[in-house]
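Structural overview
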Amino acid sequence: MTDSHKKTAVVTGAGSGIGRAVALELLRTGWSVALAGRHVETLTETAALAAGTAPGARTATDATIAVRTDVSQPADVAALFAATVDRFGRLDLLFNNAGTFGPGGVPVEELSYDAWKHVVDTNLNGAFLCAQAAYRQMKEQDPQGGRIINNGSISAHVPRPNSAPYSATKHALTGLTKSLSLDGRPYRIAVGQIDIGNAATEMTGRMRKGVLQANGEIVPEPVMDVAEVARTVRHMAELPLEANIQFATVLATTMPYVGRG
């Protein structure tokens, strides 16, 4: 940390996968982190994994707070940011990460509205609610400003077969990122997006076994270490607010993205 104050982040979806990896990377390098997710048990596991990684006299206990949060619920989101500021005094970073793939392999004509709505509520509405709460806090705090990093996806660029809800929300997230980035300029709020392809997590375990391609074949896909994503997010997060990585794409080098379809 180069600033005079300890930096504080909110990481949504911090109980597993990319969210957990990013939270641990931030904690390892001196950040305080509010861990948000739907299951307190997995958030507690993330905090426990951080034990001993915080520098100096700081411990996982004084550097973290775990807040059960359903990002699709406005009251939950409000409580998350209130608890964060109450505990740490300010907010420097939101990693807007919580998301769901939704039902896999379901043709669009068979997709239920409830399934569609669940993905939209989590991936898009949840991202908006968290960004809005972060924006309000960053605008009013002293020193003013902060950073929001949205977790997009390779699917924000090109879809997989039978992925209408996920791909639609990730494309929409790109528009949200651009709008927030523009609107945040007067208040020193920098907003960017990281688009990730095949990071090795619980959610992407199926990639190694084989997933449907555009030509109808089932083909295993390579994955990359999720730690590479965490290091990229930290790099984006620790830039001075006068600089911003608007979009970053981090992916397994040989995955079918360039030339997909």
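Our subject is the structure that appears above.
Cut-offs used in this document
- Residues numbered from 1 in each chain as written.
- Predicted model: local features only at pLDDT ≥ 70, side-chain atom pairs only at ≥ 80, totals over all residues.
- Heavy atoms only, no water.
- Helix = DSSP H or I, 4+ residues; strand = E, 2+ residues; numbered from the N terminus.
- Expected span 1.5 Å × (residues − 1).
- Buried < 20%, exposed > 50% of the residue type's maximum accessible area, 1.4 Å probe, protein only.
- Polar contact = N/O pair within 3.5 Å; in protein donor to acceptor, adjacent residues only side chain to side chain.
- Contact = heavy atoms within 4.5 Å.
- Arc of directions from axis to C-beta.
- Pairing = 2+ DSSP bridges.
- Right-handed = clockwise from strand over helix to strand, strands pointing away.
- Phe/Tyr/Trp six-rings, centres within 6.5 Å; stacked < 30°, edge-to-face > 60°.
- Lys, Arg positive; Asp, Glu negative; His and termini not counted.
- Salt bridge = Lys/Arg side-chain N within 4 Å of Asp/Glu carboxyl O.

**Some details on helix α1 (residues 17–28)**
Look at α1: 17 Å from first C-alpha to last across twelve residues, which is about the 16 Å you get at 1.5 Å a residue. Of all the twelve residues making up α1, ten are buried; the element is thus mostly covered by neighbouring parts of the structure. Residues Gly17, Ile18, Gly19, Arg20, Ala21, Val22, Ala23, Glu25, Leu26 and Leu27 constitute the buried set of α1. Immediately downstream of α1, the backbone of Gly30 shows phi near 105°, a positive value.

**Some details on the side chain of Asn150**
Position of Asn150 relative to the elements: it lies in strand β5 (residues 146–151). In terms of polar contacts, Asn150 uses its side chain to reach the side chain of Asn96, at 3.1 Å. In this view, Asn150 contacts Asn96, Leu173, Thr177, Leu180, Val191, Gly192, Gln193 and Ile194; residues no more than four positions away in its chain are not counted.

**A closer look at the environment of Gly104**
Relative to the assigned elements, Gly104 resides in the loop between β4 (93–96) and α5 (113–140). Residue Gly104 is classed as exposed on the basis of its relative accessible area, which comes to 67%. When the C-alpha positions of Gly104 and Tyr166 are compared, they lie 9.7 Å apart, and in sequence the two are 62 residues distant.

**Here's the deal with helix α2 (residues 40–49)**
What α2 keeps buried is the set Leu43, Thr46 and Ala47. The arc that holds the buried residues of α2, viewed along the axis, is 100°, so those residues lie on one side. Facing away from the buried side of α2 by more than 90 degrees, the exposed set consists of Glu41 and Ala48.

**Thoughts on the pairing of strand β1 (residues 8–12)**
Counted residue by residue, β1 has five buried out of five residues, so it is predominantly covered. Neither face of β1 is left uncovered, since the one carrying Thr8, Val10 and Thr12 and the one carrying Ala9 and Val11 both have all their residues buried. Of the pairings in the sheet, the one linking β1 to strand β2 (residues 32–37) comprises five bridges and is parallel in character. In the strand pairing of β2, Val10 is matched with Ala34. Between the parallel pair β1 and β2, the chain is carried across by α1, and the sense of this crossover is right-handed.

**Thoughts on the packing of aromatic side chains**
Counted under the stated rule, the structure contains two aromatic pairs. Taking the centre distance of 6.1 Å and the plane angle of 75° together, the rings of Tyr135 and Tyr187 count as edge-to-face. Taken together, the residues span a long stretch of sequence, with Tyr135 in helix α5 and Tyr187 in the loop between α6 (164–183) and β6 (189–197) at a distance of 52 residues. Take Tyr135: its relative accessible area is 16%, and that puts it in the buried class. Classification of Tyr187 by relative accessible area gives partly exposed; the value is 25%.

**Details of the environment of Phe247**
Along the chain, Phe247 falls in strand β9 (residues 247–251). The exposure class assigned to Phe247 is partly exposed, which follows from its relative accessible area of 33%. Between the alpha carbons of Phe247 and Asp195 there is a distance of 7.4 Å; along the sequence they are 52 residues apart. What Phe247 contacts, discounting residues up to four positions off in sequence, is Thr174, Thr177, Lys178, Gln193 and Asp195.

**What about the side chain of Arg147?**
Its place among the elements puts Arg147 in strand β5. No salt bridge is formed by the buried Arg147; its nearest oppositely charged neighbour, Glu242, is found at 7.3 Å. The residues contacting Arg147, other than those within four sequence positions of it, are Asp92, Leu93, Leu94, Met138, Ala190, Met236, Ala237, Leu239, Pro240, Leu241, Ala243 and Asn244.

**Let's talk about the pattern of salt bridges**
Within this structure, the stated rule accounts for ten salt bridges. As a salt-bridge pair, Asp76 and Arg68 come within 3.2 Å of each other at their nearest N and O atoms. On the accessibility criterion, Arg68 (45% relative accessible area) is partly exposed. For Glu242, the salt bridge goes to Arg188, with nearest N and O atoms at 2.9 Å. Note that Glu242 is positioned in the loop between α8 (226–237) and β9 and Arg188 in the loop between α6 and β6, a separation of 54 residues in sequence. In this structure Glu242 comes out as exposed when scored by relative accessible area, which is 62%. A relative accessible area of 38% means that Arg188 is categorised as partly exposed. Bridged by salt links that share partners, the residues Glu25, Arg28, Arg234 and Glu238 form one connected network.

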